[in-house]
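One letter stands for each residue in the lines below.
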Amino acid sequence: MTTTTPGAAEVELAIGGMTCASCAARIEKKLNRMDGVEATVNYATEKAKVTFGPDIAVADLIATVEATGYTAREPEPPRTESGDGGGAVPEADELRPLRERLTAAVVLAVPVIAMAMIPALQFDNWQWLSLTLAAPVVTYSAWPFHKAAWTNARHGAATMDTLISVGTAAAFLWSLWALFFGTAGMPGMRHPFELTIARSDGAGNIYLEAAAGVTAFILAGRYFEARSKRKAGAALKALLELGAKEVTVLRDGREHLVPVAELKVGDRFLVRPGEKIATDGTVVEGSSAVDASMLTGESVPVEVGVGDGVTGATLNAGGRLVVEATRVGADTQLARMAKLVEDAQNGKAAAQRLADKISAVFVPVVIALAIGTLGFWLGNGAGITEAFTAAVAVLIIACPCALGLATPTALMVGTGRGAQLGILIKGPEVLETTRKVDTIVLDKTGTVTTGRMTLLAVHTADTTDEAEVLRLAGALEHASEHPIAQAVAAGAAARVGTLPAPEDFANIAGLGVQGIVEGHAVLVGRQKLLAEWAIELSDKLAQAKEQAEAAGRTAIAVAWDGEARAVLEVADAIKETSPEAIRRLRALGLTPILLTGDNRAVAEAVAAEVGIAPEHVFAEVLPQDKVDVVKRLQGEGRSVAMVGDGVNDAAALAQADLGLAMGTGTDAAIEAGDLTLVRGDLRVAADAIRLSRKTLGTIRSNLFWAFAYNVAALPLAASGLLNPMIAGAAMAFSSVFVVGNSLRLRGFQPADR
């Protein structure tokens with residue numbers, strides 16, 4: 001998709017062929033070297049957002065990406081249809097080759113490793129069976145590494161792929177030489193446990209288990225990473241699928257059911273109670289209460305009538321409406337929010353994988369050391385075989401078995417433990433962010449509060465019994481479809497039990513309800529409704545109403561038989577665990593900030609109750625403004641986490657350095673977040689950050705020890721003193737240490753246990 005601004009144009013390119021975050025950095029660097037070009041490449045979404053001047057064509061940008069060794073194209077616009085199943089097939093097709101390579105590697109590598117490490121399994125000619133099993137692993141399964149290494153080499157770069165390709169190829173090729181031209185192929189050859197350091201010509205040593213094992217381990221990590229990465233763009237699909245799929249259009253006085261895509265500006269369409277509004281428009285007939293919480297975060301339904309604007313994807317909670325479409329397709333608020341999410345995702349700085357950072361320096365050093373070792377031994381009169389043994393040993397010992405295990409094992413254990421606790425972590429790049437976060441932005445509705453209107457308090461006149469108020473008012477409200485009425489009815493039923501059936505009922509649009517219950521003429525609604533019947537609130541009830549409204553709550557008056565009887569307080573109730581959650585977040589060094597589309601009175605009342613300072617409250621914030629608030633905080637030098645649950649939070653979740661989505665919320669919010677909190681308990685947010693930080697710490701310690709092992713063993717290899725069994729045992733110990741260190745994450749406990 002391409003957009004144009006005065007003097008500049010913007011294009012979004014779909015990038016193919018990236019295997020790690022350093023690939024994204026390389027493409028970004030090449031594009032930014034072009035005159036008048038500003039580019040951001042996101043490895044997770046596989047997209048490049050490019051702004052370029054009038055002298056540059058899109059074809060030039062694509063050519064630059066292709067010259068760097070990758071593919072680029074303008075992506076197709078997202079589909080709004082959900083029934084064609086088109087969205088799932090590409091994902092399955094993209095993952096299938098990697099899954100097939102991984103399956104083959106695991107099945108074939110396990111017996112190779114077992115035979116090499118367990119002398120009892122080393123029957124006569126076992127080495128030839130190992131070669132037969134390892135060959136497909138090192139060629140077919142490891143092909144993506146070899147291909148990426150070749151691409152990197154052509155452009156003078158080195159990554160984890162280079163080290164894996166060079167290491168596995170060196171191990172395999174040396175094993176071939178030892179089997180066919182050395183003594184390793186002789187019947188009866190064994191790999192005994194000899195824990196001695198001695199120089200060897202390498203003619204009897206094979207390293208097939210290293211080549212096959214490294215390939216299988218690292219492919220497993222790549223597969224799980226790719227599977228989570230494929231979900232990065234699902235937020236856009238989830239947003240688009242929130243809208244109505246079909247709409248009842250009024251044409252020539254008749255109703256026609258058509259797909260939403262056929263709607264045009266000026267069309268009039270019917271919205272029945274309980275249906276979603278198909279697109280942005282203006283009400284031309286009827287009145288109702290519209291639940292817009294999924295888009296605006298406003299917990300109180302909005303009363304609409306003729307002339308009022310309504311937004312697509314919101315829910316008609318009351319009466320029948322006829323709406324005239326004013327915006328359709330990409331112009332609607334829902335589509336603009338999807339664009340906000342996409343922009344925020346593409347604008348994120350690509351998180352560099354720690355292993356790739358190490359490899360960028362480590363790989364060239366190892367290759368240079370191997371060449372230097374070969375030259376040194378040849379220059380000092382050693383035989384060619386001995387010199388090559390030492391040089392290849394350098395490459396083999398540098399093969400990143402433990403280095404490749406460091407991230408996936410810790411991530412696998414950490415995410416598994418997180419899943420048990422209701423915390424879903426999407427990928428390793430998420431963990432890097434948790435260490436730096438210092439500010440946490442909390443959406444109010446559905447995050448700090450329950451997201452549901454609840455009857456909180458009953459204020460009665462001196463001569464009236466509370467149970468009677470709840471029975472009569474609850475009975476009348478139970479007959480209404482309005483969300484506030486349903487909150488009163490549910491609260492009444494919970495306190496007094498079964499409610500009587502009203503003998504007569506009428507809904508007064510925008511004011512409340514009236515009817516006959518147990519012989520009493522009952523009114524429930526706004527004070528204006530009572531005033532129409534010449535009923536005034538007593539001083540006590542008027543004061544209760546004023547205090548409720550000052551606290552941001554909805555006050556509902558109740559009267560019967562010509563007398564005001566009570567004032568009911570209804571609001572979005574605060575979750576019982578929210579105050580404790582705020583305390584735990586502060587203990588982690590985070591500054592909590594409340595962000596909401598609700599009015600300031602409501603927001604400040606909630607903030608005071610949970611312990612957030614008034615200066616840290618942002619109220620009456622529209623969805624697009626939520627992104628701006630996050631950007632403003634980031635502009636102040638803060639690292640921002642965001643917790644939310646609604647569609648209106650999706651773009652802000654994507655923009656934040658760390659997005660935590662409540663699993664009880666919408667799919668759009670869940671897909672846009674980096675962490676998902678399944679239980680909807682804000683205390684889990686603190687546990688999620690603690691677990692993420694601990695998992696990152698485990699990855700870092702794994703990388704340190706894996707790297708330290710390579711550094712310690714390289715001098716032995718370069719000296720020609722590396723016995724193959726010591727190398728195998730050291731590699732095995734390093735891997736076992738990494739796995740064992742990662743397994744410690746299974747003992748992580750939430751703060752309240």
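Quick caveat: nothing in here was measured; it's all calculated off a predicted structure. (Residues numbered from 1 in each chain as written. Predicted model: local features only at pLDDT ≥ 70, side-chain atom pairs only at ≥ 80, totals over all residues. Heavy atoms only, no water.)

Before going further, it helps to spend a moment on the overall build of the protein chain. When you go through the protein chain residue by residue, the secondary structure sums to 26 helices and 27 strands. Burial status across the protein chain gives 53% buried among its 753 residues. The long-range share in the protein chain, meaning contacts at least 24 apart out of those at least 6 apart in sequence, stands at 71%. By element, 57% of the accessible surface of the protein chain is carried by carbon and sulfur atoms, the whole surface being about 31400 Å². (Helix = DSSP H or I, 4+ residues; strand = E, 2+ residues; numbered from the N terminus. Buried < 20%, exposed > 50% of the residue type's maximum accessible area, 1.4 Å probe, protein only. Contact = heavy atoms within 4.5 Å. Areas by Shrake-Rupley, 256 points an atom, 1.4 Å probe, with all protein chains shown as cover.)

Running from N to C, helix α20 (residues 578-587) and helix α25 (residues 683-718) point in directions that differ by 25°, and their axes come no closer than 7 Å. The angle between α20 and α25 places the two elements in the roughly parallel class. Contacts between α20 and α25 involve Glu-580, Ala-581, Arg-584 and Leu-585 on the former and, on the latter, Arg-683, Ala-685, Ala-686, Asp-687 and Ile-689. (Axes fitted to C-alpha atoms, helices over the stretch in contact; angles between N-to-C directions. Parallel < 35°, antiparallel > 145°, perpendicular 65-115°, else oblique.)

Moving on, we come to the nonpolar core. Ile-206, Leu-208 and Val-394 are the most contacted members of the largest nonpolar core, which totals 50 residues. If you tally residues by element for this core, the top one is helix α7 (residues 208-229), at nine residues. In this structure, Val-430, Ala-641, Met-662 and Leu-745 belong to the second largest nonpolar core, which totals 46 residues. (Core = buried A, V, L, I, M, F, W, Y, C linked by side-chain atoms within 4.5 Å.)

Reading across the sheet, the six strands line up as β17-β22-β21-β20-β19-β18 and stay open at both edges, with antiparallel pairing between neighbours. Only two strands of the sheet have a single neighbouring strand rather than two, namely β17 (449-460) and β18 (504-508). Averaged over all pairs of adjacent strands, the angle between their axes in this sheet comes to 20°, without regard to strand direction. Bridge count between strand β21 (residues 554-560) and strand β22 (residues 563-574): seven bridges; the pairing is antiparallel. Paired with Ala-557 across the bridge in β22 is Val-567. (Pairing = 2+ DSSP bridges.)

We now examine the environment of Glu-481. With respect to the element layout, Glu-481 can be found in the loop between α16 (466-478) and α17 (483-496). In sequence terms Glu-481 and Asn-507 are 26 residues apart; their C-alpha atoms lie 9.6 Å from each other. When sequence neighbours within four positions are dropped, the list of residues in contact with Glu-481 reads Pro-273, Ala-317, Gly-318 and Gln-486.

If you trace the six strands from one edge of the open sheet to the other, you get β7-β6-β8-β14-β9-β12, paired in antiparallel fashion. The open sheet has two edge strands with one neighbour each: β7 (254-259) and β12 (309-310). The pairing of strand β6 (residues 246-251) with β7 spans six bridges and is antiparallel. Paired with Val-249 across the two strands is His-256, which belongs to β7.

Taking 1.5 Å as the rise per residue, helix α22 (residues 623-635) with 13 residues should run 18 Å; its terminal C-alpha atoms sit 19 Å apart, in good agreement. Every buried residue of α22 is accounted for by Pro-623, Lys-626, Val-627, Val-629, Val-630 and Leu-633. Buried positions in α22, seen along its axis, are confined to an arc of 155° and lie on one side of it. Once α22 finishes, Gly-637 follows within two positions and takes phi at roughly 90°, a positive value. (Expected span 1.5 Å × (residues − 1). Arc of directions from axis to C-beta.)

Attention now moves to the pattern of salt bridges. Considering all chains together, one arrives at 21 salt bridges under this definition. With a shortest N-O distance of 2.8 Å, Asp-649 and Lys-626 are connected by a salt bridge. Of the two residues, Asp-649 sits in the loop between β25 (640-644) and α23 (650-655) while Lys-626 sits in helix α22, which places them 23 residues apart along the sequence. Judged by relative accessible area, which is 0%, Lys-626 ranks as buried. (Salt bridge = Lys/Arg side-chain N within 4 Å of Asp/Glu carboxyl O.)

With that settled, consider unusual backbone geometry. With phi around 50°, Asp-561 is a residue other than glycine that occupies positive phi space. Within the fold, Asp-561 resides in the loop between β21 and β22. A positive phi angle, close to 55°, is found at Glu-620, a residue other than glycine. Among the secondary structure elements, Glu-620 is positioned in the loop between β24 (617-618) and α22.

Structurally, the position occupied by Glu-209 is in helix α7. In the structure, Glu-209 is positioned 94 residues away from Met-115 in sequence and 8.4 Å away in space, judged by C-alpha atoms. If we skip the residues at most four places from it in the chain, Glu-209 touches Val-112, Ile-113, Ala-116, Met-117 and Val-214.

The UniProt entry lists residues 102-120, 126-143, 163-186, 206-224, 358-378, 390-413, 702-719 and 725-743 under the feature "transmembrane region" (unreviewed entry), expressed in the numbering used here. The span residues 702-719 carries 94% helix and 0% strand; its end-to-end C-alpha distance comes to 27 Å. (UniProt positions renumbered as here; feature names shortened; annotations may be inferred.)

Turning to the pairing of strand β16 (residues 439-443), a few remarks are in order. Within a regular strand, side chains alternate between the sheet's two faces. Among the five residues in β16, five count as buried, and that is most of the element. The two faces of β16 match: Thr-439, Val-441 and Asp-443 on one face and Ile-440 and Leu-442 on the other face are all buried. Examined bridge by bridge, β16 and β25 share four bridges and lie parallel to one another. Residue Leu-442 lies in a different strand from β25, and its bridge partner there is Val-643.

Once that is clear, we can look at the packing of α16 against α17. As a packed pair, α16 and α17 sit with axes 8 Å apart at the nearest point and diverge in direction by 135°. Taken together, the axes of α16 and α17 are oblique relative to one another. Seen along the crossing, α16 lies across α17 with a hand that is left-handed. Of the residues in α17, those in contact with Glu-466, Ala-467, Leu-470, Arg-471, Gly-474, Glu-477 and His-478 of α16 are Ala-485, Gln-486, Val-488, Ala-489, Ala-492, Arg-495 and Val-496. Here the residues of the contact of α16 with α17 sort into seven nonpolar, three polar and four charged. (Left-handed = near helix turned anticlockwise from the far one by under 90°. Nonpolar A, V, L, I, M, F, W, Y, C, P; charged D, E, K, R; others polar.)

Bringing helix α4 (residues 126-141) into the picture now. In this model, α4 (16 residues) spans 22 Å end to end at C-alpha, consistent with the 22 Å of a helix rising 1.5 Å per residue. Among all positions of α4, only Trp-126, Gln-127, Ser-130, Leu-131, Leu-133, Ala-134, Val-137, Val-138 and Ser-141 are buried.

Another point: a nonpolar patch on the surface. A grouping of Leu-378, Ile-384 and Phe-388 is seen on the molecular surface, where their side chains present a nonpolar patch of about 280 Å² in accessible area. When you line up the elements, Ile-384 lands in helix α12 (residues 384-397). (Patch = residues over 30% accessible without salt bridge, like charges linked within 9 Å, V, L, I, M, F, W, Y side chains within 5 Å.)

Two aromatic rings, taken as a pair, are described by how far apart their centres are and by the angle between their planes. All chains considered together, the criterion is met by four aromatic pairs. Measuring from ring centre to ring centre gives 5.3 Å for Trp-128 and Phe-180, while their planes differ by 75°; the resulting arrangement is edge-to-face. Taken together, the positions of Trp-128 in helix α4 and Phe-180 in helix α6 (residues 160-180) put the pair 52 residues apart, joining distant regions of the chain. Their ring planes at 80° and their centres at 5.5 Å tell us that Phe-376 and Trp-377 sit as a pair that is edge-to-face. Judged by relative accessible area, Phe-376 falls into the partly exposed class, the value being 46%. (Phe/Tyr/Trp six-rings, centres within 6.5 Å; stacked < 30°, edge-to-face > 60°.)

When pLDDT is averaged along the protein chain, the result is 80, and 81% of the positions lie at 70 or above. When the criterion is pLDDT under 50, residues 1-5 qualifies, and its contacts beyond four places in sequence or with other chains add up to 14 contacts. (pLDDT = per-residue confidence, 0-100.)

On to the environment of Pro-273. Position of Pro-273 among the secondary structure elements: in the loop between β8 (268-271) and β9 (280-285). Judged by relative accessible area, Pro-273 falls into the partly exposed class, the value being 41%. Put simply, Pro-273 and Glu-481 are 208 residues apart on the chain and 8.7 Å apart in space, counted from C-alpha to C-alpha. Apart from the residues lying within four places of it in its own chain, the contact partners of Pro-273 are Asn-316, Gly-318, Gly-319, Arg-320 and Glu-481.

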